[in-house]
Amino acid sequence: YFTTSVQTPTLFRVATWHDADDNLHAGALFLQALPGLTTEDDDWTRMTLLLNTLTPSELANPALPPETLLANLFAQDDVRLAKPEAFTLQADDPRPRMLAALATISVENLREMFEKADEISLTDQTSGKLETFTESDLQHLLNPDVTKH
C-alpha cells in the first residue's frame, strides 16, 4: 500500500540513550520528502544513508540542539529549519460525532435509556472530554416525524 499510494516518502528514526548520570533520554527525527521526490532519487538515497549514521547518543542527547544535529548530519548541504512550534493536541469537537453515533440507536432504545437516567453521558476516547445529552438535546432523534418550522 505505502509503495503504491500517494504517500510522501518519509524517514523516521527513534532512539533512547542513557547519559553519564544514567538518565534516560529519548529522541526522534522525522524527515519527509518534498513533493515530486521519490525513494529512487539519489538525494533520497543519500539522506537515508546519512540518517542511518546517527547514533542514539546524538539523536537522544538533549544537550545537542536540533539545528546542530542537522548541520552535523548534512554538513555539505544548506539546511533550512522552520521555526519550532509547540506540540499541542487539537482534538475536534466530539459532540457532532457523538450525536451521529446516538442517531444509530433505535428510538425505543433511546427512550429506554432516558427512563433509567435524566441524561446520556459519553466520553470521547481521543480527548477524554465528557459530553452529556438530555432528552431535549435528542428530540430530533426521539421524535423523527416532527419537523421544525
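Everything quoted here is computed from the prediction, not taken from an experiment.

Colleague: Mind showing me how you'd approach the overall build of the protein here?
Modeller: Broken down by element type, the protein carries six helices and four strands. Order of helices (α) and strands (β) in the protein, N terminus to C terminus: β-β-α-α-α-α-α-β-β-α. Computed over C-alpha atoms, the radius of gyration of the protein comes to 26 Å, more than 25% over the 15 Å expected from 2.2 N^0.38 for 149 residues, which places it beyond the range of a compact globule. In terms of overall dimensions, the protein has C-alpha extents of about 70 × 45 × 25 Å along its principal axes. The long-range fraction of contacts in the protein, counting pairs at least 24 apart against all pairs at least 6 apart in sequence, stands at 50%.

Colleague: When you look at the pairing of strand S2 (residues 24-32) in this model, what are you seeing that I'm missing?
Modeller: Where burial is concerned, the two faces of S2 differ: the one with His 25, Gly 27, Leu 29 and Leu 31 is buried and the one with Leu 24, Ala 26, Ala 28, Phe 30 and Gln 32 is not. Examined bridge by bridge, strand S1 (residues 10-18) and S2 share nine bridges and lie antiparallel to one another. When the bridges of S2 are listed, Thr 16 appears paired with Ala 26.

Colleague: Looking at this structure, how should I read the pairing of strand S4 (residues 130-134)?
Modeller: Within a regular strand, side chains alternate between the sheet's two faces. Every second residue of S4 is oriented toward a common face, the buried set being Glu 131 and Phe 133 and the non-buried set Leu 130, Thr 132 and Thr 134. In terms of strand pairing, strand S3 (residues 119-123) meets S4 through five bridges, oriented antiparallel. Opposite Ile 120, over in S4, you have Phe 133 as the bridge partner. Linking S3 to S4, which pair antiparallel, is a turn of six residues; within it Gly 128 sits at a positive phi near 80°.

Colleague: Whenever I open this one, the pattern of salt bridges confuses me. Can you help?
Modeller: Oppositely charged side chains can form a pair if their charged atoms are brought close together. Enumeration according to the criterion identifies seven salt bridges in this entry. The residue Arg 97 makes a salt bridge to Asp 92 at a minimum N-O spacing of 3.0 Å. With a shortest N-O distance of 2.7 Å, Glu 131 and Arg 95 are connected by a salt bridge. Here Glu 131 is found in strand S4, whereas its partner Arg 95 is found in helix H4 (residues 95-102), with 36 residues between them in sequence. In this structure Arg 95 comes out as partly exposed when scored by relative accessible area, which is 23%.

Colleague: Even after reading the chapter, I still don't get the nonpolar core, so can you show me in this structure?
Modeller: Side chains that are nonpolar tend, in soluble globular proteins, to be buried together. Ranked by internal contacts, the top residues of the largest apolar core, which has 14 residues, are Leu 29, Leu 31, Leu 51 and Leu 54. Those elements that provide at least two residues to this core are S1, S2, helix H1 (42-51) and helix H3 (66-73). With residues up to four places along the chain from it excluded, the contact list for Leu 29 reads Leu 11, Phe 12, Arg 13, Leu 51, Leu 54, Leu 59, Leu 70 and Leu 73. In this structure, Phe 114, Phe 133, Leu 138 and Leu 142 belong to the second largest nonpolar core, which totals nine residues.

Colleague: Explanation requested: a nonpolar patch on the surface in the structure shown.
Modeller: Together, Phe 12, Val 14 and Phe 30 make up an exposed nonpolar region whose accessible area comes to about 330 Å². Assignment of secondary structure puts Phe 12 in strand S1.

Rules used throughout
- Residues numbered from 1 in each chain as written.
- Predicted model: local features only at pLDDT ≥ 70, side-chain atom pairs only at ≥ 80, totals over all residues.
- Heavy atoms only, no water.
- Helix = DSSP H or I, 4+ residues; strand = E, 2+ residues; numbered from the N terminus.
- Rg over C-alpha atoms; globule rule 2.2 N^0.38 Å.
- Contact = heavy atoms within 4.5 Å.
- Buried < 20%, exposed > 50% of the residue type's maximum accessible area, 1.4 Å probe, protein only.
- Pairing = 2+ DSSP bridges.
- Salt bridge = Lys/Arg side-chain N within 4 Å of Asp/Glu carboxyl O.
- Core = buried A, V, L, I, M, F, W, Y, C linked by side-chain atoms within 4.5 Å.
- Patch = residues over 30% accessible without salt bridge, like charges linked within 9 Å, V, L, I, M, F, W, Y side chains within 5 Å.
- Areas by Shrake-Rupley, 256 points an atom, 1.4 Å probe, with all protein chains shown as cover.

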